[in-house]
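Reading the structure
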Amino acid sequence: MRGVWVATIENIDWPSKKGLSSEAQRKEFSEMISYQADLGFNSVFVQIRAASDAFYARSSEPWSEWLTGEQGKAPEPFYDPLRFMVEEAHEKNIEFHAWFNLNRGLYRNSKTLVQDHITLKHPEWFVSYDGNQVYNFGIPEVRDYIARLVLSVVKSYDIDGVHFDDYFYPYPVAGQVFDDATTFEKYNRGIVSLTDWRRDNINILVKQIADAIKAEKRWVKFGISPFGIWRNSSVDPAGSPTAGGQSYDDLFADTRKWAKEGWVDYIAPQIYFAFEHPKVPFQALLDWWADSGVKCNLFVGHAIYKASSESKDLGWSDSRQIPRQIAAARNRKEVSGSIFYSANWLKKNKLSISDSIQKAFSTPALVPTVPWKDDIIPASPQLFKAHKQDGKAILTWENVQVSDPMNEAVCYVVYRFENNNRDFENPSNILKVIRNAGELRYVDNTVEPGKSYFYGLTALDRCKNESLPVVSELIK
């Protein structure tokens, strides 16, 4: 997994500002996704619901003000940003994960609000906290509402994944109380402890959404990127050797449970700390997650936004910080990739971080499989042929028609071998991973005169299972 987050709230990453024309919005996204593809990324995590609003057409919630400048106002001329973004990502063979913020009903910095907004239709669903209107997850109707929103996107769009960030119950603010005592009294389900009840509310929601996605499109992945620390070992022997905020106690998010129970297909803890951090060193938290026995894919969240020569934080002015983190993650077999926050910081390229990432990603990689969803390999491509023409190698093949969409070939992996060394396990032999767009053809423009090649081809299904390879005749 080589992913990047694209935050839309307050125009952090995209669009660059409110109210751009539809053409300008599309142009910015196309350029951004092309840049990410050139760096070697294979996945993007785009925030399509920033604060009970929408960056997509098929929503019961209003259009986002960070898209058009005014909540409820549609793009002009009209287009569906989510459909467009999914198609653009897939054209570059980049997985698209739809990122939902769960807890924001009304954001404190919002400038506009439609008359029938959910916070006005159902004020009883929300708790005022830190200037925001925050969903009260103890109310069953709230959990059902959020689950329906997520499932609507799964049904309506060809997304590869559903993604949640670290916002469940709000981060604690000194001197403020999250007042859900009345809700606890009404809906406690026999749970005595308020904190245990809050955690159970989030557990119910996570499991409810996981089950709904699986029932609708079982190939769509479900993942969460929580705050990096589950619990500190000072309060729980099972916790990490750290001293910082805790998702379990502060956000009432039992992140380790979701991963160990297999409710999520991947967990991407935000290990937004340097190796040199005195209380939460990167290596210690990485090792804790790697040793935690999760039953899903484990990715590492990296804070490239902290990297700067001007940084006063220990370790973040060092250009080697992120490359070292990538290397450390790769050194743990339990870790299956990295996700970086966020897209705009890739473009800024402070301390040449993006150059370092591109170097680390110079060899292609296949997105990790999810065998608990499906481990049946797809059929191999048929009638694979390669011939040389005008100094280029022309590859053609045919697909096998299948009735089950789980086994449909959505991508093809083109391998090239010199001499007779046909090592399909070595990623340096991958020439290109291409999305199945109907044209079963590939042109290799990089053949060198006087060299002979064998070409290999495999198919990838929706869960990224890889077929058995087929190999061409020798091309001279």
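You'll find the structure just up there.
Described below are features of the structure shown in this document. Because the structure is a prediction, the values reported are computed rather than measured. (Residues numbered from 1 in each chain as written. Predicted model: local features only at pLDDT ≥ 70, side-chain atom pairs only at ≥ 80, totals over all residues. Heavy atoms only, no water.)

**Let's talk about the overall build of the chain**
For the chain, the helix and strand inventory stands at 13 helices and 18 strands. The C-alpha atoms of the chain give a radius of gyration of 23 Å, which matches the 23 Å a tight globule of 476 residues would have. In terms of overall dimensions, the chain has a C-alpha envelope of 75 × 50 × 45 Å along the principal axes. Taken across its 476 residues, the chain has 55% of its residues classed as buried. When contacts within the chain are restricted to residue pairs at least 6 apart in sequence, those whose partners lie at least 24 apart make up 71%. If you sum the accessible surface of the chain, you get close to 20,200 Å²; carbon and sulfur atoms cover 47% of it. Charge centroids of the chain, computed over 56 positive and 61 negative side chains, lie 2 Å from each other. (Helix = DSSP H or I, 4+ residues; strand = E, 2+ residues; numbered from the N terminus. Rg over C-alpha atoms; globule rule 2.2 N^0.38 Å. Buried < 20%, exposed > 50% of the residue type's maximum accessible area, 1.4 Å probe, protein only. Contact = heavy atoms within 4.5 Å. Areas by Shrake-Rupley, 256 points an atom, 1.4 Å probe, with all protein chains shown as cover. Lys, Arg positive; Asp, Glu negative; His and termini not counted. Charge placed at Lys NZ, Arg CZ, Asp CG, Glu CD.)

**Quick look at the pairing of strand 8 (residues 221–224)**
Burial of the side chains of strand 8 extends over both faces: Lys-221 and Gly-223 are buried on one face and Phe-222 and Ile-224 on the other. Relative to strand 8, strand 7 (residues 161–164) runs parallel, the two sharing 4 bridges. Bridge pairing links Phe-164 to Ile-224 in strand 8. As paired elements, strand 8 and strand 9 (residues 266–267) share 2 bridges and run parallel to each other. In the strand pairing of strand 9, Ile-224 is matched with Ile-267. (Pairing = 2+ DSSP bridges.)

**Quick notes on the environment of Glu-31**
The residue Glu-31 is located in helix 1 (residues 22–39) in this model. Using a relative accessible area of 44% as the deciding quantity, one classes Glu-31 as partly exposed. Taking the C-alpha atoms as reference points, Glu-31 and Glu-88, 57 residues apart in sequence, are found 10.0 Å from one another.

**As for unusual backbone geometry**
Across the junction of Trp-14 and Pro-15, the peptide omega takes the value -20°, indicating a cis bond. The residue Pro-15 is located in the loop between strand 1 (2–6) and helix 1 in this model. A cis geometry characterises the amide bond from Glu-76 onward to Pro-77, with omega recorded as -10°. Relative to the helices and strands, Pro-77 is located in the loop between helix 2 (65–68) and helix 3 (81–91). Even without being a glycine, Asn-349 presents a positive backbone phi close to 55°. Mapped onto the fold, Asn-349 is located in the loop between helix 12 (343–348) and helix 13 (353–360). You will see that Asp-390, though not glycine, has its phi angle at about 55°, which is positive.

**What about the nonpolar core?**
Within the largest apolar cluster, 125 residues are counted, with the highest numbers of intra-cluster contacts made by Ile-48, Phe-96, Ile-159, Val-162, Phe-222 and Ile-357. Looking at this core element by element, the count peaks at 9 residues for helix 5 (residues 140–156). In contact with Ile-48, not counting residues within four places along its chain, are Asp-53, Ala-54, Phe-55, Tyr-56, Leu-82, Phe-96, Ala-98, Trp-99, Phe-100 and Val-153. By size, the runner-up hydrophobic cluster in this structure holds 18 residues, among which are Phe-384, Tyr-412, Val-414 and Tyr-455. (Core = buried A, V, L, I, M, F, W, Y, C linked by side-chain atoms within 4.5 Å.)

**Some thoughts on the sheet that holds strand 9**
Sheet architecture is closed into a barrel: 8 strands sit in the order 1-2-3-7-8-9-10-11, paired in parallel fashion. Strands in contact with helix 10 (residues 282–290) are strand 9, strand 10 (297–302) and strand 11 (335–340); relative to strand 10, the strand with the most contacts, it is inclined by about 165°. (Axes fitted to C-alpha atoms, helices over the stretch in contact; angles between N-to-C directions.)

**Some remarks on the packing of aromatic side chains**
A full pass over the atoms with the stated rule returns 41 aromatic pairs. Both rings, one in Phe-384 and one in Trp-397, keep their centres 6.5 Å apart while their planes meet at 65°; by these two values the pair is edge-to-face. Highlighted residues: Phe-384 in strand 12 (residues 382–389) and Trp-397 in strand 13 (residues 392–398), separated in sequence by 13 residues. Each member of the pair, Phe-384 as well as Trp-397, carries the same accessibility label: buried. Among the aromatic side chains, those forming a connected cluster through ring pairs are Trp-5, Phe-45, Tyr-266, Tyr-272, Phe-299, Tyr-305 and Tyr-341. (Phe/Tyr/Trp six-rings, centres within 6.5 Å; stacked < 30°, edge-to-face > 60°.)

**Some thoughts on empty space enclosed by the protein**
A full pass over the atoms with the stated rule returns 5 cavities of 30 Å³ or more. Residue lining of the largest cavity: Ala-51, Asp-53, Glu-65, Trp-66, Gln-71, Gly-105, Leu-106, Tyr-107, Ser-110 and Thr-112, and that is the complete set. Listing elements by their share of the lining of the largest cavity, those giving two or more residues are helix 2 and strand 4 (104–106). Split into classes, the residues belonging to the lining of the largest cavity amount to 4 nonpolar, 4 polar and 2 charged. (1 Å grid on protein atoms, 1.4 Å probe; cavity = no way out; pocket = protein on both sides within 12 Å on 5 of 7 lines; lining within 4 Å. Points joined across faces, edges and corners; volume = space filled by probe spheres on them. Nonpolar A, V, L, I, M, F, W, Y, C, P; charged D, E, K, R; others polar.)

**Here we look at the pairing of strand 6 (residues 132–135)**
Of the pairings in the sheet, the one linking strand 4 to strand 6 comprises 2 bridges and is antiparallel in character. Residue pairing across strands places Leu-106 opposite Gln-133, the latter belonging to strand 6. The sheet contact formed by strand 5 (residues 126–129) and strand 6 spans 4 bridges and is antiparallel. Within strand 6, the residue paired with Tyr-129 across the bridge is Asn-132. What sits between strand 5 and strand 6 in their antiparallel hairpin is a turn of 2 residues, with Asp-130 showing a positive phi close to 55°.

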